[in-house]
Amino acid sequence: MSAMAGQVVDGIDIDGLSILSVGTCNNFDVIERRKSSDTSLPLETLPLGLPPVLPTLKADLEEYLSHPEKLPVYDIERTQRFFSSKGCPDNLYLAEPTPVQTTIRVDRDMTTGQLLGYKEEFLDDTGSSAKNSTSLSRPPGPPSEGIKGNSTNYPFWPGGLEEPVFTDLAADNLTQIDFETDLLSCPPGFDHGIVFECKSRTENPEGTLQKEASQTPNLLKLSDILEADDLDFSVGEEEEEEDKEKEGADKDKFQNSADIQDLPRSESFENLVTNTDSDLGDVVTRQQEEPLENWAIPIDLTDPVSDFHKRIPEMACTWPFEPDIFQKQAILRLEQGESVFVAAHTSAGKTVVAEYAIALSMKHMTRTIYTSPIKALSNQKFRDFKQRFSNEGDVGLVTGDVQIHPEASCLIMTTEILRSMLYNGSDVVRDLEWVIFDEVHYINDPERGVVWEEVLIMLPHHVNIILLSATVPNTREFAGWVGRTKKKKMYVISTPKRPVPLEHFLFTGNSNKTSHELFLLQDAKGNFLTKGYYQAIEAKKERTSKSSQSFGPKGARGGNPAQDKNVWLSVIDMLKKKDKLPAVAFTFSKKKIEDNASNLSSVDLTTQSEKSEIHIFFQKSIAKLKGSDKTLPQVLHMQDILKRGIGIHHSGILPILKEVVEMCFQRGLVKVLFATETFAMGVNMPARTVIFDSIRKHDGTAFRDLLPGEYIQMAGRAGRRGLDATGTVMILCKGDVPEMADLHKMMLGKPTLLQSQFRLTYSMILNLLRVEQLRIEDMMKRSFSEFHSQKSTTERKKTMADLQEKMSTMQDLDCNVCCIDLEGYYKACREYCITKTELQKKVLTHPAAIKALSPGRVVIVDTELYQNTLATVLKSTLGQNNERMFTCLVICEKNASSADSASNATKTVEGPLIKPVLVNQVLFQPEGPSGHVIVDLTAEHIGAISNVALKVNADRILEDFKKRQIARFKNDPPGQSVVTTTQELLRLAESDPHGLPSLDPVKDFGLRDIDLVEQFRRLQFLQEELKNFACVTCSNFRKHFEEKHNYMRLKEEYAHLQFLLSDESLTLLPEYQQRVQVLRALKYIDNTNTVQLKGRVACELGNQEIIITELVFENILTDLHPTEIAALLSCVVFEQKRCSEPSLTPDLQKGKDLILKIATSIGETQRACGLLTPVDEIVESLKFGLTEVVFEWARGMPFSEITGLTDVQEGIIVRCIQRLDETLKDVRNAARIIGDPVLYRKMEEASKLIKRDIVFAASLYIQ
């Protein structure tokens, strides 16, 4: 190496170079020679350090500190480079090509198909897309958005709404436009324009006639008639004679008619044709505008449809049995493409209708969506329909986290998923032919019922609807609402017939000795048997000890819980003896279900072969679970009781175990199943016997008896079609026998009506505000809650037209005096009369006023028949609705007395009219002999209470008057007491004709209510104001006032109808306006109701959209770990009210406080905008009971250890975490919209952390 220095190698001068030994591994490098010559080669870095030829760290540091401008960050030449470019303004003019506005259509002969020519037609919706159009003709979106759509898409136009039509001027017939008169001379929004005068029209009157002829469409031309000579119009001789006779008769009829006038010769033939066409057009228009109000059409089920197979020779779907009549009627309507509402009892066979619709859509190459109220029911239906339609891919499933065969002809999903698809403009909706709503009576659910109404309103017009429901009383009403909303007929098929009749029993046994105590309460024909009820009472009485012989029906006593075991042992023993197994025991407490199953440890109801089958199926079902999950206490307990033929089913059971129980029950391996009422919903799982542990349940608010609809739904599980002659329903009387009235009401009462649960949500408002053409008011108008007020819209419009016509025929007042202020005077009189009536109603219910209106008190009466007339009170009574009634003797004309006494003595007089309030109004005095009449008056008919009281014998007056109502005593003279009272009233009227002094409500009655005092002062003020009007001086004042009153009454009625037809009459409109104010305050929308970024984010979220959006925009989630994010967001999906308090880390506690702070802020904003929702209610809706559980689960803790952190049952934990995964995905999509990659990745990671093991075990129904 050293020999090489200072020599030339291969032409390269190596003088000035040295060799450096690098490191300790004999690696060498060439460096510049040092100036000093006393250094031996090779140089070394170790152990002497860096060679002096290289800069040291100290030197570099000194350089940077002394010359900071030399740092690379300040070196502009190295960090930024500029490239010179030449400007090209033409690039700014580049634009996308405009879509083609027209297309070429081929004209062919309809008979031969011969090409006749081509025609250019205008295209609608050119340039439309899912981002700007609600039309079905818009181009499809990307395949990735084909199923669930996108929150930025417009929904398709809802059926039943009037779709906006944009007319194209170029598409109109330009020959019908008069460019001289039809063109605007003033632009819209301008005060004036330019007027071009044309003298040619005045100079050439013939041109006017030519113009009118040119504008007249569809005129008969002589050339057309001549060209038609070669056509054969010949008919048979008989037909010609008949036509001639008919023509002659019509001619005679025309000539003899006195109503037809001769037409003047100046009328041209063209004008006659034009008028005829116009009249026909008006008739057609009226027929088109006349709405079909009878949207719900009931089907007669007495028709056996004997020609069913002739009408449908090739059915889309067949069954091994003959369909029932109601099924045949429904199938006929489906073949005609109509919508149906099928209401039938549980297990009656409603699913047959759904299956035929699915098969029909497969035949038509269209699609069907089957919706269910709960996710578990969707999985069950997927399994059933997949077995029914065995072709691979014919049935698909769409849930929040699973999509199986989304391209299938039939898609099964929950109603919430369908609502999201409709709002997000999913392209699946294009191909829909049917949407099947199962368990429609679930619309009564207070929380989720609104989803059904939203979906029914948002469905496009081409989609037909199938509603399946249990029997409800108002099927026609609900079907009428759906039909009117969607503008299509709904055929109602309701059958009360049960395929298997039920027998209802009372069971009073509590041991093996008393297991025979089963008493028939209602037979298979529906007869309620009181004999069985009293037998049950006697059986209870015999066993009651002497110390507690207070026998009788006492529903409050529910028995001793310690004896439940004996009761169930006796029940099961009796069922085994009578061969009534399998049985479903409905129990309304999860704890009781667990206790009952545990108490029956000595019961074994299965054979060895059944035990083996249960064991094999159970092990196969849990084979895919993790090792520790297989040994969970609930899994082991379930395996033990299933082998003995006992099952339990409630929300606290793990989903996979519930499916195991359901499948074992369907196979007949479970003999006794303890379940809550959710088991009675959906899939057909009938038993031979249904048992009610109790007829009382807690509905979340208080304990109550079962409703008839609930009882019928659960009892309907009894009786297996084709296996049992009757189904057995048993009610256990553990304590006292329930009241007979309660049992009768529960068994034979009417089921609960379908009622609207429509309410406004922020998600609904934001989704509809995204689309300019859709209005929230239209959604509210079409809700079931507004059905009754909106269904008479057509009648109201017709009434308004009649009123408008009447008002137009009324002539204006031709009076110089009254035209000045008569209308103002009328309004003041109206306010005075209304205020006085309301005040009298309140004042005369005061104890002091009632005391003053004792018999003999003189009052002034104001009614339709008796105005400003004196009367005396005879008695005071309470009428209907606790309304105070006063029987009074009123003076009148003698003839009126005899004519009206019989009718008015027993009839309440109508309310006061709006009449002129005159200053010097005179009391009524009969012109001839005085008469009298006795009438019943309400408080509003008493104008004033005088300070005069007469001494009368009220009973004698009433008896005398009543006697003279009899025909044979009709002409008898009135008694002395009546005559005296009448003469005294006449004397008072003559002595003080301008009115008697009246009692003051404030001074005499001692009223202290501020509102009443203010009304009284207002009444006095109006009375003084009425003195200043000039119209009262008119000589014909009363006539003019009556005319004005008639006109104003029509006008007020018209205004009222106009109000009812407007959006202002909507019940939820004030709440909508308040919620819009909240959204504006929180910056979700701007002042023009345009959805902002926060609003778009909220549209992505499924629940608690406002709170979660605020968390995202406040960056509260971004700074947290994914495990903490998942734990904190569990508060929006966990719903159980009571559970153990979780132990939170400091970070989780801080996050919880921030979430509660945001919820409080939102609640205060709502209160400030007028919403009545309490702030505490919003805060309490967030439940942090599973925060610790989710946190540890996300960190990887096994499920067997998770259950020890809380007292919440395993099934609820699993359901909460499953729903949490959907929420995390929603927040992930929200992070994508706002462009937050950090939050996006964290939400992805949080979803992956919780998605494992038994919590997300695949459903057995989809495997």
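Provided above is the structure to which this section pertains.
Summary of the structure given here. (Residues numbered from 1 in each chain as written. Predicted model: local features only at pLDDT ≥ 70, side-chain atom pairs only at ≥ 80, totals over all residues. Heavy atoms only, no water.)

1. Here's the deal with the pattern of salt bridges
Oppositely charged side chains can form a pair if their charged atoms are brought close together.
Here is step 1: Using the criterion set out here, one finds 43 salt bridges in the structure.
Here is step 2: Ionic pairing is found between K577 and D573, a salt bridge with its closest N-O pair at 3.1 Å. Note that K577 and D573 are positioned in helix α16 (residues 564-577) at a spacing of four residues, about one turn of the helix.
Here is step 3: Accessibility expressed as a relative area gives 62% for K577, which makes it exposed.
Here is step 4: A salt bridge links R1195 to E1192, with the shortest nitrogen-to-oxygen separation between them at 3.6 Å.
Here is step 5: With relative accessibility at 16%, the residue E1192 sits in the buried group. (Salt bridge = Lys/Arg side-chain N within 4 Å of Asp/Glu carboxyl O. Helix = DSSP H or I, 4+ residues; strand = E, 2+ residues; numbered from the N terminus. Buried < 20%, exposed > 50% of the residue type's maximum accessible area, 1.4 Å probe, protein only.)

2. So, the packing of aromatic side chains
Here is step 1: Across all of its chains, the model carries 21 aromatic pairs by this definition.
Here is step 2: Centre to centre, the rings of F385 and F389 are 6.5 Å apart; their planes meet at 55 degrees, and the pair counts as tilted.
Here is step 3: A relative accessible area of 8% places F389 in the buried class.
Here is step 4: Cluster of aromatic residues (ring-pair linked, three or more members): F341, F478, W481, F784 and F787.
Here is step 5: Over the aromatic face of F389 sits the side chain of R388, whose NZ or CZ is 5.8 Å from the ring centroid. (Phe/Tyr/Trp six-rings, centres within 6.5 Å; stacked < 30°, edge-to-face > 60°. Lys NZ or Arg CZ within 6 Å of the ring centre and 35° of its normal.)

3. Examining the sheet that holds strand β27 (residues 867-878)
Here is step 1: Judged by pairing direction, the sheet is antiparallel, and its five strands sit side by side in the order β29-β28-β27-β26-β30 without closing on themselves. One side of each edge strand has no neighbouring strand; the edge strands of this open sheet are β29 (930-937) and β30 (942-949). Neighbour-to-neighbour, the strand axes of the sheet open up by a mean angle of 35 degrees, direction not taken into account.
Here is step 2: One ladder, built from seven bridges, connects β27 with strand β28 (residues 884-893); its direction is antiparallel. Bridge pairing in β28 places L878 opposite R884.
Here is step 3: Packed on one face of the sheet, helix α32 (residues 976-991) meets β26 (857-862), β27, β28, β29 and β30 and runs near 75 degrees to β28. (Pairing = 2+ DSSP bridges. Axes fitted to C-alpha atoms, helices over the stretch in contact; angles between N-to-C directions. Contact = heavy atoms within 4.5 Å.)

4. A short note on the packing of helix α20 (residues 633-643) against helix α21 (residues 655-666)
Here is step 1: At a minimum axis separation of 11 Å, α20 and α21 run at an interaxial angle of 10 degrees. Regarding the angle of α20 to α21, the classification is roughly parallel. In this structure, α20 contributes Q634, V635, M638 and L642 to the contact, and α21 contributes L657, V660 and V661.
Here is step 2: Its residues assigned to classes, the contact of α20 with α21 comprises six nonpolar, one polar and no charged. (Parallel < 35°, antiparallel > 145°, perpendicular 65-115°, else oblique. Nonpolar A, V, L, I, M, F, W, Y, C, P; charged D, E, K, R; others polar.)

5. Quick look at the side chain of E777
Here is step 1: The topology assignment puts E777 in helix α25 (residues 776-781).
Here is step 2: A residue is classified by how much of its surface remains accessible, and E777, at 14% relative accessible area, is buried.
Here is step 3: In this structure, E777 is in contact with D1063, L1066, L1069 and Y1072, ignoring residues within four places of it in sequence.

6. Examining a nonpolar patch on the surface
Here is step 1: Residues I104, V106, L115 and Y118 make up a contiguous nonpolar surface patch of roughly 400 Å² in combined accessible area.
Here is step 2: Mapped onto the fold, L115 is located in strand β7 (residues 115-122).
Here is step 3: In this structure L115 comes out as partly exposed when scored by relative accessible area, which is 40%. (Patch = residues over 30% accessible without salt bridge, like charges linked within 9 Å, V, L, I, M, F, W, Y side chains within 5 Å. Areas by Shrake-Rupley, 256 points an atom, 1.4 Å probe, with all protein chains shown as cover.)

7. So, the pairing of strand β17 (residues 502-507)
Here is step 1: In terms of burial, β17 is a largely internal element, five of the six residues being buried.
Here is step 2: Note: β17 against strand β18 (residues 518-522), four bridges, orientation antiparallel. Within the sheet, the bridge partner assigned to L506 lies in β18 and is F519.

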